[in-house]
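Structural overview for review
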Amino acid sequence: MATLTLTDIAKSYPNGYQAIKQLNLTIADGEMVVLVGPSGCGKSTLLRMIAGLEEITNGSLKIDSREVNHLEPGERDIAMVFQNYALYPHMSVYDNMAYGLKNRKTPKAEIKRLVTEAATMLELSHLLDRKPKQLSGGQRQRVAMGRAIVREPKVFLFDEPLSNLDAKLRVQMRLEIKKLQRRLGTTSVYVTHDQVEAMTLADKLVVLNKGNVEQVGTPLDLYDNP
Ligand code: ADP
Ligand code: ADP
C-alpha cells in the first residue's frame, strides 16, 4: 500500500505536444482511482508516467514520501496490467507468473509459494502448465493479474484490462478485480473508457480533459448529481 502524490505534473512529447498540463492529484493508501475522459485526454500518458514507462517532463511524483522521478521502473514497486496482457507465448502460465520474480532473484521456494498462492486466488491452479494460447481470454487476463499480484507491489496500474473480453466476461472479471483489490488493499489506478466499469470499480473517479483534471469525486458525486 502507498499514497501517490502528483504535484504539477506535466508531459510534453518530443514533437512538442503537451499531453499533460500541470496536473495535481493525490491517490490515498489502498484507494482505487479510475481515470476516465475522452480519447486523447491523456489517461494512458499519465498511467505510463506513474509506471515509469514515460518520462515526466515537469513536476513531482511521490510514492509515500519518496520522489520517484529518478528511480528505474523496476525500483518503483509498481505492477501494471495491460490491455493485451503482454504474456510470453512460449512460457507456461507458471513461468509467466514467475518471470518478474526470477529476474529479481527471488529464491525458488518463495517464487513457488507466491505463484501457488496467486494461482489459488485466481482459480488458475489447474492451468499452470498450459501455454497462453491454450487459455481463454478470461484466463489470460487472470494470468496477467497473477503476474502483477505475485510481485506484491505497492501500486497496481490497470490500462483498460478488460477491453479485449466479451461483454459477459467483462462483467465477471470486473467483479473479480473489485474483490481482489478490496482483499489485497493495494492502491490502484485504473484506466477505462467504459462508464459502467468506472462506476463499479472506483472509490474515486478522476475525469481528465485535455491533459488536466476536470472533475474528481465518488461515482455518486459525479453521475447522480451532475
Ligand atoms: P488517452 O489514453 O486518454 O486516449 P493518451 O495519453 O494516449 O490519451 O494521449 C494523449 C495525447 O497525447 C493524445 O493527443 C495523443 O495523440 C498524444 N500522444 C500520445 N503519445 C504520443 C507520442 N508518443 N508523441 C506525441 N503525441 C503523443
Ligand atoms: P527452471 O527455471 O529452473 O527451468 P522452472 O521455472 O521450470 O525451473 O521451475 C522452477 C520450479 O517451479 C520447479 O522446481 C517447480 O517447483 C516449480 N514449478 C514449475 N512449474 C510448476 C507448475 N506447473 N506447478 C507447480 N510448480 C511448478
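Residues numbered from 1 in each chain as written. Chains lettered and ligands numbered in written order. Predicted model: local features only at pLDDT ≥ 70, side-chain atom pairs only at ≥ 80, totals over all residues. Heavy atoms only, no water.

By the naming in an unreviewed UniProt entry, the protein chain goes by Glycerol-3-phosphate transporter ATP-binding subunit and is assigned to Photobacterium ganghwense.

Next up on the list: the site of ligand 1. Neighbouring ligand 1 are Y13, N15, Y17, A19, P38, S39, G40, C41, G42, K43, S44 and T45. Starting from 560 Å² of accessible surface for ligand 1 in isolation, the protein chains cover 63%. (Near = heavy atom within 4 Å. Areas by Shrake-Rupley, 256 points an atom, 1.4 Å probe, with all protein chains shown as cover.)

Next up on the list: helix 1 (residues 43-51). Here helix 1 lies mainly inside the structure; seven of its nine residues are buried. Every buried residue belonging to helix 1 is among K43, T45, L46, L47, M49, I50 and A51, and all of these are buried. G52 lies just past helix 1 and shows a positive phi near 90°. (Buried < 20%, exposed > 50% of the residue type's maximum accessible area, 1.4 Å probe, protein only. Helix = DSSP H or I, 4+ residues; strand = E, 2+ residues; numbered from the N terminus.)

Residues in close proximity to ligand 2 include Y94, D95, K102, K108, K112, L128 and D129, which together make up its full environment. Here an oxygen atom of ligand 2 and a side-chain polar atom of D95 are 2.9 Å apart. One nitrogen or oxygen atom from the side chain of K102 is found 2.6 Å from an oxygen atom belonging to ligand 2. For ligand 2, the protein covers 53% of the area, taking 550 Å² as the surface of the free molecule. Elements supplying a minimum of two residues to the shell around ligand 2: helix 2 (93-103) and helix 3 (108-121). (Polar contact = N/O pair within 3.5 Å; in protein donor to acceptor, adjacent residues only side chain to side chain.)

Another aspect to go through is unusual backbone geometry. Comment: phi is negative for the bulk of residues other than glycine, and the bulk of peptide bonds are trans. Notably, E152 is not glycine yet its phi reads approximately 45°, a positive angle. Mapped onto the elements, E152 comes out in the loop between helix 4 (137-149) and strand 7 (155-159). In this structure, E160 takes a positive phi of about 40° despite not being glycine. The topology assignment puts E160 in the loop between strand 7 and helix 5 (167-184).

This part takes up the sheet that holds strand 9 (residues 204-209). Strand order in this open sheet of six strands is 6-7-8-3-9-10, and the pairing throughout is mixed. One side of each edge strand has no neighbouring strand; the edge strands of this open sheet are strand 6 (78-81) and strand 10 (212-217). The average angle at which neighbouring strand axes cross in this sheet is 20°, direction not considered. As judged from the five bridges shared by strand 9 and strand 10, these two strands associate in the antiparallel manner. Within the sheet, the bridge partner assigned to L208 lies in strand 10 and is V213. (Pairing = 2+ DSSP bridges. Axes fitted to C-alpha atoms, helices over the stretch in contact; angles between N-to-C directions.)

Let's shift gears to the nonpolar core. Among the nonpolar cores identified, the biggest contains 42 residues, and V34, M97, F158, I177 and Y190 are the most heavily contacted of them. Ranked by size, the runner-up nonpolar core spans 29 residues in total, among them I9, I27, C41 and I56. (Core = buried A, V, L, I, M, F, W, Y, C linked by side-chain atoms within 4.5 Å.)

So, on to the pairing of strand 9. In terms of burial, strand 9 is largely enclosed, as five of its six residues are buried. Between strand 9 and strand 10, which pair antiparallel one after the other, the connecting turn spans two residues, and K210 there sits at a positive phi close to 45°.

Next up on the list: the packing of aromatic side chains. In this structure the tally under the stated criterion is three aromatic pairs. Ring centres of Y88 and Y99 lie 4.7 Å apart, and the angle between their planes is 50°; this geometry places the pair in the tilted category. Note that Y88 is positioned in the loop between strand 6 and helix 2 and Y99 in helix 2, a separation of 11 residues in sequence. With a relative accessible area of 29%, Y88 lands in the partly exposed category. On the numbers, 5.8 Å between centres and 50° between planes, the contact of F156 with F158 is tilted. Clustering of aromatic rings is evident, with ring pairs tying together F156, F158 and Y190. (Phe/Tyr/Trp six-rings, centres within 6.5 Å; stacked < 30°, edge-to-face > 60°.)

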